[in-house]
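Tertiary structure, described
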Amino acid sequence: MRIRFGNEAEKYDVIVCGAGHAGCEAALAAARMGADVLMLTGNLDTIAQMSCNPAIGGQAKGQIVREIDALGGEMAINTDFTTIQSRLLNTSKGPAVQAPRAQCDKKAYQLRMKHVLELQDNLSIFQAIGEDLIVKNGVCQGVKTNLGVEFFSKTVVLTAGTFLRSVMHVGSNKNEGGRMGDHSSKGLSKSMEDHGIKLERLKTGTPPRILGGSIDFEGLEEQKGDVDPTFFAFYGTRENYYRDGMFHVEHLEKDVGVGWVPGTQERSCWMTYTNSKVANVINENLHLSPMYSGIIEGTGPRYCPSIEDKIVRFKEKAEHRLFLEPEGINTDEWYINGLSTSLPLEIQALILREIPGLENAVITRPAYAVEYDFAPPTQLYPSLESKVIGSLFTAGQTNGTSGYEEAACQGLIAGINAVNKVRGDLALVLGRDKAYTGVLIDDLVTKGTHEPYRMFTSRAEHRLLLNHESSESRLFEYSKQYGLIKGQRLESIENKIVSIEEWRGKFESTRPEGFEGKTIGDLIRSVGSLPIDMGKILPNEFSDLDKSIRDEVFYKVQYRGYLEREVKQVKKLKNIDNIKIPVGFAYEGISGLRNESIEKLTEINPQTLGQASRISGINPSDIGILQVMIQAWQKKQKS
Amino acid sequence: MELDTIVSLATPNGESAIAVIRVSGVLSSAVLKGAFEVELNKIKPRRAVYKNYNSVSGNVLDEVVYVYYKGKASYTGEDSLEINCHGNTLISQKIIQDLIVRGCRMAEPGEYTKRAFLNEKLDLTQAEAVSDLIRAKNDYAIDVARKQLKGLLGQEIKALRSKLIKVLAVLEAYIDFPDEDLPDEETDGPKKSLVDIGAKVNVLLNSHRVRRKLLEGVKLLLLGSPNAGKSSLLNELIGENRAIVSAEPGTTRDYIKESMTINNYEVNVIDTAGLHETDSIIEQSGISKTFDQVAEADMFLLVVDSAVSPPELPKKIQAAINAKNCIIVENKIDLNHSESLACFNKGFHHARISIIDSKGINDLKASIGNLIESNINEHSGYSVVVNTRHVETLTEANKNIEDALLKFDTGEPSELIASDIKEAYLGLGNILGENNNEDMLDQLFSEFCIGK
C-alpha cells in the first residue's frame, strides 16, 4: 500500500515512531489486531538493533519475553530463530525463578525482524526522522519529520529509545547521537516539552567491541549453552513450527528468509576477570571519566554499572567477572559484558591489556556512555497513554526503562492500547498478579523511576504465580479478548489449559495403591522426603502429553500451598484494587492527608485505591482516610 | 472535603463536679462563632477560656471552660475542642444536642482513637493501648499499657520486620542476580538471623500469658483430698455460698469458678474434684478434668486436713506445683492443736486456717496477694505484652519462620523460603495496622467506649 502523507484526511490508525524493540512490538501488535499502521524510523538498517549486548532474556527478563509470546508478540520467536546459545538460569532454584537467556546473532535478529515487519499485513514502514508531534486541542494527530513531511494518525506510539537529545561520551569527547553512528533527535524533545510533558535525563553505557581473532582463549573459562535448550516461544501450541517434539525446517515461516532451527547454531561464551592492575589503571584515570568529572548529569543504571563504578563502589572486591559474548556467526566482533565505561579510548586500551586473554585484543568499537531525555512515566495512564497529550503513547527508554525486554513488553501494550483507543475499547491493563509486564507498567506509572528501570523477580509480590512456563495459559484470556492470537494456536492454548486443569484435578484425587491412601499430589509434594519412583505412579497418558503441559501440572501440584497463599494475598489486595477513585475526586483540602501525599496523589492521579496504595510515600493511613472519603464522596453524589 | 465533625460526652453520665464534652473535626464558625462568639483564626490553641455557651436559639446553656487544640497537635490529629460544663446530665445533653444542630454528629465508640490512628498519631498497637489503659485495674497493667502507648510494641514489631527484610534481601540477591559474580551463597547468616527473629517472636508470644493474668485474671486452683474443705474455703474466700458444700466426699465433680480481687488483681478461684483413687466413673472423669485444669492454672492452693496425715499426690500434680506457685493450706486447725503439721515438701508456704472458726483467712488472702505479686514480677522482664489479636498473627509468623528454617535444612529452593519470610513480614504488618482492613479496624475500635 502507498505511504500516505501530507493529507489530514488520510489518517493512519496508529503511527509508531521508532523501530527498536518497543517500536517493533507496538507496530506488529497494532497491525495484527487489524489496525492501519505506519512505522517511522530514522534508519531502516537499524531496526531491532541490539545496541548493547547481543543477548535476550535472563532473570525476570526471560519471563517477560515468554509473556510477549503469550500475547502474540514477536521477540520470543525472533530470538529463538536467531539464537546462538541458550541457557536456563537459576536451575539450582525452583521453576518460578528460572529464566531462559539466549545469545543472539545480532544482525540475524535485526534482519529477521525487519523482514517480519515488511511481510506484515496492514503495516507500512518508512525511513524518516520524527522531529515534531502534531498536536491539536491537546490530542496527538501525527508526526512531522525532519524533512518537513507530515504523517497523520489517530494515535501515535513514541518509542524513541536513547535518541531524545542524546549525547555520547568517550572521555571528554562529546558527540550528539543516540547510538554510535546514529543521529540525535532534538525536535521531539522540544515538541514534548512545548506541549507540557516534563523531561529528565538518564545515562547508560556500553562496553568496547573487540575482534575474536585477537582474544587468547587459552586459560579462559568456557561457558556453553544447555544441551537441552529452553526456548522463549511456546511451540507446543504452534502447528506451523513444531510437531512431534521436532522443529521442521520446511515449516519455518516460509516467507521470512532469515533464521535457523533453534539450537542448531550453538556458540560458546567465555569468562575472564579484572584484577588489581585493572583497578589501578581505572583509579589513576578516574578524573578522565565524564561520570566522575561531573560532565554527565543523567542517572545511570544501578544494576548495570560501568566498570569504573564497580571499582570505586566495591573496593574490597579483588576481581570482577567479565563475559566475552560473540555478536554473531557471520562476524568476528565480540562483546565484553561487564566492561561498560566512558573512559577515553586510550584508557580502554590500557585496561584491556591487563585482562587475561585480552592482552592483545583489537578494539573495533570503543565503549561509550550515552545521555538522553526520558519522560518520567508518572505522566502516563496505566494504558501507557500520556496524561498530558491525548492519543500519544510512549514505551521503552522514553519511559525510563532499561533493557530490550522491558522495552518490548511496553511497546506491545502501547500498540494494543493505541488500537483500543482508536476503537473506543477499554485499555488492556495487566494486573500485578498476571504478568511481569503488569508489574513493570504499574511500577512505572505509579512510582515513576529515577534511574533506568530494570525488572527483577523480586519486584513482583506474587512471583510464584508468574513462572515463565505458565505465561501462555496465564495470559490466554487477554490474547483471546484482544484478538492477539488467532486460529489454530488459540484453540490449542484453550485445550492446553483444559488439559492442565484436568490433570491437576486427577493428581489431587487419584490414590495409587501402596501409598497409604495418599494422592499423586501428596506424593509429588513429598518427593525428596520419600523415595518414590514417580515414573511408576504416573499414568501412561500423562507421560505422553506435551512437556509444557506436564511441567505446568507438576508445578501447580508441587507448589500448591504457595500458590494458594499468593492467590489469597491477591484477593486481599483486590479489595482495594476494586475501589475506583471517582473521576474528579479532589485530594486538595482533605484533612488528615499530609501535603506531600496530596501532591503525589494529585500528580499521579491513581485510578484505583490499590494503585494509590502503591505510590511511594503514600502510607496505609492515607489509604484509610481516602477509603472513608471516597465513600463519603459517593454518598454525596447519590443524594 | 472533610470527615464529619463528631461530638460526645467524654466523662461518665451522671452528677459530677464537671462534665467534659469532646468535639473533633472541622470547627466551623457555626460552632465557634455561634456558641462562643469567637473566630477560628482568633482563637488561641491550648488555652482554657471561660465563656458562656450560647445555643442556636440564643439561650445561654451554661458557663463553661473550653480548650481548643489545633490540627496535628490534638489527640485525634484534627481540630478539636473540649468543653468543660457543669456536671449535670441535663446541661451536658443540651449542649451536645445543640452541637448536633450546628452540624456535628454523635461519635461512634472509639471513633476519636480511630481518627488518631488514621491521622498517624498512633499505630494500631498504640490505639489498643489506649483501651487497655482505660481498663487497667492494677499498677502493673497500667505500666504495661503505658509502655505500649509509648509505642514500644510497635517499635519491636518494626525492628523484627526490618530484620526480616534484611534476610529477604540476601536471598533475593541470589535469586535475581544469578549471573553476577556474587560470593558463594551461604545460608548460615540468614539462618542465624531467622533463629534470632523466631526467638524474639516467641518472647512476645509468651508475654501474652502475663497479659491474660493482668486482664482476664490469675487462675488459682484449689487442690486437695476429698472433704479437705476446698469448697468451704472457696466460699469463705469469695464471701458467699457459691459452691455446693456437703459432708459426703466427692461432691465437687465439675469445676466451680469464682472471681475475687486481691491487691487489685483479678483472681479466678477454681474448685476441683477431690484427689483420691476412686472406682466411680463420674469422679474419675472429674479427676482427669482436674489434671487438664492444672496444666492451665497459674497458681495453686493445696488444701490439706491438718487432722489427718497428708495425702499421696498424683505425679502430675507433684510436678506442677512448687514453692513459687503454691501455698499449702492446713485446714481444720480447730480439730488439731498441734502448732504445725510435719508436712511434705519443704519450702512451701504453709497457711494454717480454720474455716469453721474463720481463723487465718485474712492471713491466707495476704499470702495469696504476695504470691501473685511475686509471680507477676517474674514477668517484669517483658517490656511489652501482646493481646489476643497479636497472638494470632505472631503465631502465624512464628510458623512461617519455622517453615523457612526447615527449608534451609532440607535444601528447598530459596524462592519458597522467601515466600515464607514475606508472609511473616506481611503478617507482622497487621499488628501495626499496615494492611488496610476496614472490617478488622471497625471490629477493633467498636470495643472502645464512646468518647474515646
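Residues numbered from 1 in each chain as written. Chains lettered and ligands numbered in written order. Predicted model: local features only at pLDDT ≥ 70, side-chain atom pairs only at ≥ 80, totals over all residues. Heavy atoms only, no water.

**Remarks on the pattern of salt bridges**
To keep things clear, this is the line we draw: One side-chain nitrogen of Lys or Arg within 4 Å of one carboxyl oxygen of Asp or Glu is enough to make a salt bridge. Numbering of helices and strands runs from the N terminus, with a helix taken as a DSSP run of H or I at least four residues long and a strand as a DSSP run of E at least two residues long. A simple rule labels every residue: compare its accessible area, found with a 1.4 Å probe on the protein chains alone, to the largest value its type can have, and call it buried under 20%, exposed over 50%, or partly exposed in between.
For the structure on display, the rule yields 63 salt bridges over all chains. We note a salt bridge from Arg614(A) to Asp442(A), for which the minimum N-O separation is 2.5 Å. Within this pair, whereas Arg614(A) is found in helix α21 (residues 609–614), its partner Asp442(A) is found in helix α11 (residues 436–447), the two being separated by 172 residues in sequence. By the burial criterion, Arg614(A) is buried, and Asp442(A) matches it. One salt bridge in this structure joins Arg115(B) and Glu111(B), with 3.7 Å as the shortest N-O distance. With a gap of four residues between them, Arg115(B) and Glu111(B) both fall in helix α3 (residues 111–118), about one helical turn apart. Relative accessible area serves as the criterion here: at 5%, Arg115(B) is assigned to the buried category. What emerges from the salt-bridge pattern is a single network uniting Arg432(A), Asp442(A), Asp443(A), Lys447(A), Glu461(A), Asp577(A) and Arg614(A).

**A look at the nonpolar core**
Grouped burial of nonpolar side chains is what soluble globular proteins tend to show. The cut-off we apply is this: Residues belong to a common nonpolar core when they are buried Ala, Val, Leu, Ile, Met, Phe, Trp, Tyr or Cys residues joined through side-chain atoms within 4.5 Å.
Counting residues in each nonpolar core, the largest one holds 74 residues, and the members touching the most others are Val37(A) and Ile56(A). At ten residues, the largest contribution of residues to this core is made by helix α10 (residues 404–423) of chain A. Ranked by size, the runner-up nonpolar core spans 35 residues in total, among them Leu233(B), Leu301(B), Leu364(B) and Val385(B).

**Some remarks on the environment of Leu90(B)**
All names here are of chain B. Here Leu90 shows up in helix α2 (residues 89–101). On the basis of relative accessibility, which here comes to 58%, the residue Leu90 falls in the exposed class. Distance in space between the C-alpha atoms of Leu90 and Glu15 is 9.6 Å, their sequence separation being 75 residues.

**A short note on the sheet that holds strand β13 (residues 209–211) of chain A**
All names here are of chain A. Test applied: Between any two strands, pairing holds if DSSP finds at least two bridges. Inter-axis angles, ranging from 0 to 180 degrees, are taken between N-to-C directions of lines fitted to C-alpha atoms, where helices are fitted over the stretch in contact. Between two residues, a contact is recorded if the distance between any of their heavy atoms is within 4.5 Å.
Across the sheet, six strands lie side by side as β14-β17-β18-β19-β13-β20; this open sheet has antiparallel pairing. Single-partner strands in this sheet number two, and they are β14 (221–223) and β20 (363–365). Strand-to-strand twist in this sheet, taken as the mean axis angle between neighbours without regard to direction, amounts to 35°. Of the strand pairs in this sheet, β13 and β20 are connected by two bridges, and their pairing is antiparallel. The partner of Arg209 across the bridge, within β20, is Arg365. Across the face of the sheet, helix α9 (residues 345–353) comes into contact with β13, β19 (333–337) and β20 while running at roughly 140° to β20.

**A short note on unusual backbone geometry**
Residues and elements named next belong to chain A. Even without a glycine there, the phi angle at Ala60 is positive, about 70°. You will see that Asn605, though not glycine, has its phi angle at about 50°, which is positive. You can call Asn605 partly exposed: its relative accessible area is 38%.

**Structural notes on the state of the cysteines**
Put simply, the rule reads: Only a pair of cysteine sulfur atoms within 2.5 Å counts as a disulfide in this structure description.
In total, this model carries zero disulfides over all chains according to the counting rule given. Cys409(A) carries a free sulfur, and the closest cysteine sulfur to it, the one in Cys24(A), is 14 Å from it. Cysteine Cys85(B) is unpaired, with the sulfur of Cys104(B) as its nearest cysteine sulfur at 15 Å.

**Considering the packing of helix α6 (residues 152–176) of chain B against helix α7 (residues 188–215) of chain B**
Residue and element names in this part refer to chain B. Worth spelling out the cut-off: An angle below 35 degrees is treated as roughly parallel, one above 145 as roughly antiparallel, one from 65 to 115 as roughly perpendicular, and anything else as oblique. By convention the crossing between two helices is left-handed if the near helix lies anticlockwise of the far one by an angle smaller than a right angle, and right-handed if it lies clockwise.
Two numbers describe how α6 lies on α7: the axes approach to 10 Å, and their chain directions differ by 160°. Here α6 is positioned roughly antiparallel relative to α7, judged by the angle of their axes. Crossing handedness for the pair α6 and α7: left-handed. Between α6 and α7, the contacting residues are Leu153, Glu156, Ile157, Leu160, Lys163, Leu164, Val167 and Val170 on the first element and Pro190, Ser193, Leu194, Ile197, Lys200, Val201 and Leu204 on the second.

**What about the interface of chain A and chain B?**
Formally: When two parts are put together, the accessible area they lose, computed with a 1.4 Å probe and summed over both, is reported as buried area.
The interface of chain A with chain B comprises 47 residues on the first partner and 34 residues on the second. Between chain A and chain B, roughly 3500 Å² of surface is buried when both sides are summed, and carbon and sulfur atoms account for 49% of that area. When the buried area of chain A at its contact with chain B is split by residue, Lys93(A), Tyr562(A) and Arg565(A) rank highest and sum to 16% of it. Across the contact surface, chain A and chain B share three salt bridges. The shortest N-O distance in the salt bridge between Arg565(A) and Glu423(B) comes to 3.7 Å.

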